[in-house]
Amino acid sequence: MKRSTQQILTVFFRLTSLATKLLLTLYMGRYLSLEEMGTYGLVFSATSIITCMLGMRTDYAISREIIAAPETDVAVKMRDQAAFLLLNWGGLAFAMIALFFVDDLGLAPTTFLFIFFLSTIESAADIIHINITSLGNPFWANVVFFVRAASWVFPVVLFGILFPFLRNAHFIFTLWCLGATAGVAMGIVSWRTLPWHKTFNTEINWSWLGQVVRQSAGIWLGTIGLTSGVFLDRFVVMKYLGIDSVGIITFYASFAIALLTLVHSGILSFSYPQMVKLHAESNPTGFWHEVHRTYGQVLFFGTVLTIGLGVCVPILGSLLGKEAFVQESFTFWLMLAAFWVRCCAEPLYYILFARHQDRAIWVGDILFLIPSLGLNILLTPIFGLQGIGYGALISSLLLLMWRGWFVWKKESGKGHHAMTLPLSS
């Protein structure tokens with residue numbers, strides 16, 4: 001298959017995966033109660049946070065090491081990575097057992113089991129996806145991603161419409177488990193030709209794993225901070241407002257997050273490799289031209305999407321027969337504004353990334369959690385669900401200013417280009 005065809009299909013699989021998630025949101029909005037949607041939101045959020053914790057982002061370092069390594073070394077390193085991930089799973093099992101006995105959220109034992117299984121299988125799937133890409137087959141990595149993230153949505157919707165007794169969160173979790181497991185199996189099968197038999201007589205290199213963990217620690221903590229800052233609001237809402245309100249915020253968040261995902265898929269995924277290349281070639285004129293072009297596209301595309309979603313989604317909520325969605329439209333607009341700001345912050349992230357300012361990136365991502373969680377806890381009891389929107393907007397503005405400061409600071413130190421950056425004046 002030609003490379004251009006693979007690239008087109010890769011974008012297709014990515015956008016289709018996003019479309020299926022929105023289809024799932026519409027299905028839940030139409031056929032599930034707010035309580036069932038709230039349960040889904042809690043499990044999805046817990047899984048997202050725990051998944052980024054497991055493995056401690058060892059893929060950040062290991063993916064670079066296996067790119068040009070001999071096949072035997074690739075097999076040994078991935079075997080060691082899998083052993084470390086299994087240890088993480090054991091720690092998660094003990095933590096969740098302890099949490100179950102002190103939990104005051106009222107989650108059923110089956111819900112805890114779904115969180116555990118989904119977190120473990122998704123953490124494995126993430127590592128497999130990154131390793132397949134590093135080994136030179138991004139097209140197959142995205143095929144596997146589609147199977148894992150999207151393929152199961154179609155039977156969920158079909159069977160849910162045909163059989164009303166299946167319209168519940170647990171049925172969704174069951175098919176999600178099956179889809180994720182299928183994706184992991186496909187990834188493992190694709191490595192069947194590696195010399196795994198040569199790893200049997202090789203001990204696990206714990207010293208090397210420790211070095212990898214140290215290399216990845218900052219990125220790992222930053223990933224946790226950024227992910228937790230987005231998803232912990234569901235648990236704050238659960239504590240102060242109840243499970244039905246979690247269902248409302250889950251519905252709205254799906255569309256708000258889609259805004260950022262579309263900007264990433266449609267613009268940034270094509271622009272940032274060019275930014276990295278131009279910076280590596282010491283071409284500041286070309287680099288800043290690419291930055292300005294990217295910013296213009298992000299601002300235009302992001303603004304059009306924000307306005308479109310802001311108008312259509314509340315109307316859609318009314319058509320789905322959930323008056324609560326309409327009543328909380330202002331909360332959705334606040335969330336959209338927050339993610340619009342996040343879109344504006346993403347080109348700054350890639351400027352820092354291209355210039356190897358990794359510390360500024362991961363420290364900012366860690367710090368993002370502090371105002372996000374703190375403001376959610378402070379404002380939700382006062383403003384209700386709107387407090388979540390206010391907290392998200394303020395936190396996103398602070399992240400934008402943090403990244404903008406480090407971009408501007410380095411350029412101002414050079415004495416040029418400083419005043420040409422959008423949002424830096």
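Residues numbered from 1 in each chain as written. Predicted model: local features only at pLDDT ≥ 70, side-chain atom pairs only at ≥ 80, totals over all residues. Heavy atoms only, no water.

**Some remarks on the overall build of the protein**
- Within the protein, the regular secondary structure consists of 16 helices and zero strands.
- In terms of overall dimensions, the protein is globule-like: its C-alpha atoms have a radius of gyration of 22 Å, near the 22 Å expected for 425 residues.
- Counting only C-alpha atoms and orienting by the principal axes, one finds that the protein spans roughly 60 × 55 × 45 Å.
- Across the 425 residues that make up the protein, the buried fraction comes to 51%.
- In the form shown here, the protein has an accessible surface area of approximately 19300 Å², with 69% of it arising from carbon and sulfur atoms.
- Taken as two groups, the 26 positive and 22 negative side-chain charges of the protein have centres that lie 7 Å from each other. (Helix = DSSP H or I, 4+ residues; strand = E, 2+ residues; numbered from the N terminus. Rg over C-alpha atoms; globule rule 2.2 N^0.38 Å. Buried < 20%, exposed > 50% of the residue type's maximum accessible area, 1.4 Å probe, protein only. Areas by Shrake-Rupley, 256 points an atom, 1.4 Å probe, with all protein chains shown as cover. Lys, Arg positive; Asp, Glu negative; His and termini not counted. Charge placed at Lys NZ, Arg CZ, Asp CG, Glu CD.)

**Quick notes on the side chain of serine 372**
- By the secondary structure assignment, serine 372 is in helix H15 (residues 358–383).
- Not counting the four nearest positions on each side in its chain, serine 372 is found in contact with Gly229 and Ser395. (Contact = heavy atoms within 4.5 Å.)

**Concerning the side chain of lysine 322**
- Along the chain, the position of lysine 322 falls in the loop between helix H12 (284–319) and helix H13 (323–327).
- Although lysine 322 lies buried, it forms no salt bridge, and the closest oppositely charged side chain, aspartate 244, sits 10 Å away as judged by the N-O distance.
- Here the side chain of lysine 322 touches glycine 29 through a polar contact of 2.6 Å, landing on its backbone oxygen. (Salt bridge = Lys/Arg side-chain N within 4 Å of Asp/Glu carboxyl O. Polar contact = N/O pair within 3.5 Å; in protein donor to acceptor, adjacent residues only side chain to side chain.)

**Points about the nonpolar core**
- Leu24 and Ile172 are the most contacted members of the largest nonpolar core, which has 107 residues in total.
- Top element by residues in this core is helix H11 (residues 243–280). It accounts for 16 residues.
- Discounting residues that sit within four places of it in the chain, isoleucine 172 has contacts with Leu24, Tyr27, Met28, Leu32, Tyr40, Trp152 and Val156.
- Within the second largest apolar cluster, five residues are counted, among which are Phe13, Phe139, Phe146 and Ala150. (Core = buried A, V, L, I, M, F, W, Y, C linked by side-chain atoms within 4.5 Å.)

**A closer look at the packing of aromatic side chains**
- Applying the stated criterion across every chain yields a total of 25 aromatic pairs.
- Between tyrosine 40 and phenylalanine 173, the aromatic rings sit 6.1 Å apart at their centres with planes inclined by 10°, giving stacked as the arrangement. Of the two residues, tyrosine 40 is situated in helix H2 (residues 34–53) and phenylalanine 173 in helix H8 (residues 169–189); the sequence distance between them amounts to 133 residues.
- A centroid spacing of 4.0 Å and a plane angle of 10° characterise the contact between phenylalanine 251 and phenylalanine 325, whose relative ring orientation is stacked. In this pair, phenylalanine 251 sits in helix H11 while phenylalanine 325 sits in helix H13, placing the two residues 74 residues apart along the sequence.
- Residue phenylalanine 251 is classed as buried on the basis of its relative accessible area of 0%.
- Taken together, the aromatic side chains of Tyr40, Phe44, Phe114, Trp152, Phe173, Trp176 and Phe231 make up a single cluster linked through ring pairs.
- Just above the ring of tyrosine 60 sits the side chain of arginine 64; from NZ or CZ to the centre is 4.9 Å. (Phe/Tyr/Trp six-rings, centres within 6.5 Å; stacked < 30°, edge-to-face > 60°. Lys NZ or Arg CZ within 6 Å of the ring centre and 35° of its normal.)

**Details of the state of the cysteines**
- Tallied over the full model, the rule gives zero disulfides.
- Cysteine cysteine 177 remains unbridged, with the sulfur of cysteine 52 as its closest cysteine sulfur at 18 Å. (Disulfide = S-S within 2.5 Å.)

**What to know about unusual backbone geometry**
- For serine 282, which is not glycine, the phi torsion reads 55° and is therefore positive.
- Although it is not a glycine, histidine 356 sits at a positive phi angle of roughly 60°.
- With respect to the helices, strands and loops of the structure, histidine 356 is situated in the loop between helix H14 (329–354) and H15.

**Some words on the environment of glycine 160**
- With respect to the element layout, glycine 160 can be found in helix H7 (residues 153–162).
- Each C-alpha atom, one on glycine 160 and one on leucine 32, is 9.6 Å from the other, the two residues being 128 residues apart in sequence.
- Filtering out sequence-adjacent residues up to four positions away, glycine 160 remains in contact with Tyr27, Pro155 and Arg167.

**Describing the packing of helix H4 (residues 71–102) against helix H5 (residues 109–134)**
- Two elements in contact, H4 and H5, have axes whose closest approach is 11 Å; the angle formed by their N-to-C orientations is 160°. Our classification of the angle between H4 and H5 gives roughly antiparallel. Regarding H4 and H5, the two cross each other, and that crossing is right-handed. Each of Met78, Gln81, Leu85, Trp89, Leu92, Ala93, Met96, Leu99 and Phe100 in H4 lies in contact with H5, whose residues at this interface are Pro109, Phe112, Ile115, Phe116, Ser119, Thr120, Ser123, Ala124, Ile127 and Asn131.
- When the residues that make up the contact of H4 with H5 are grouped by side-chain class, the tally is 14 nonpolar, five polar and no charged. (Axes fitted to C-alpha atoms, helices over the stretch in contact; angles between N-to-C directions. Parallel < 35°, antiparallel > 145°, perpendicular 65-115°, else oblique. Left-handed = near helix turned anticlockwise from the far one by under 90°. Nonpolar A, V, L, I, M, F, W, Y, C, P; charged D, E, K, R; others polar.)

**Points about the pattern of salt bridges**
- A complete count under the given rule lists 10 salt bridges for this structure.
- Lysine 77 is the partner of glutamate 65 in a salt bridge, and the nearest nitrogen-oxygen pair spans 3.0 Å. In this pair, glutamate 65 is assigned in helix H3 (residues 59–65) and lysine 77 in helix H4, connecting sequence segments 12 residues apart.
- Through salt bridges with shared partners, a single network forms among Glu122, Asp126 and Arg148.

**Things to note about the confidence of the model for the protein**
- Overall, the predicted model of the protein reaches an average pLDDT of 89, with 94% of residues at or above 70.
- Mean pLDDT across the elements of the protein ranges from a minimum in helix H1 (residues 3–31), with 82, to a maximum in H7, with 96.
- pLDDT under 50 marks residues 416–425. Its contacts with residues more than four places away, or in other chains, come to 23 contacts. (pLDDT = per-residue confidence, 0-100.)

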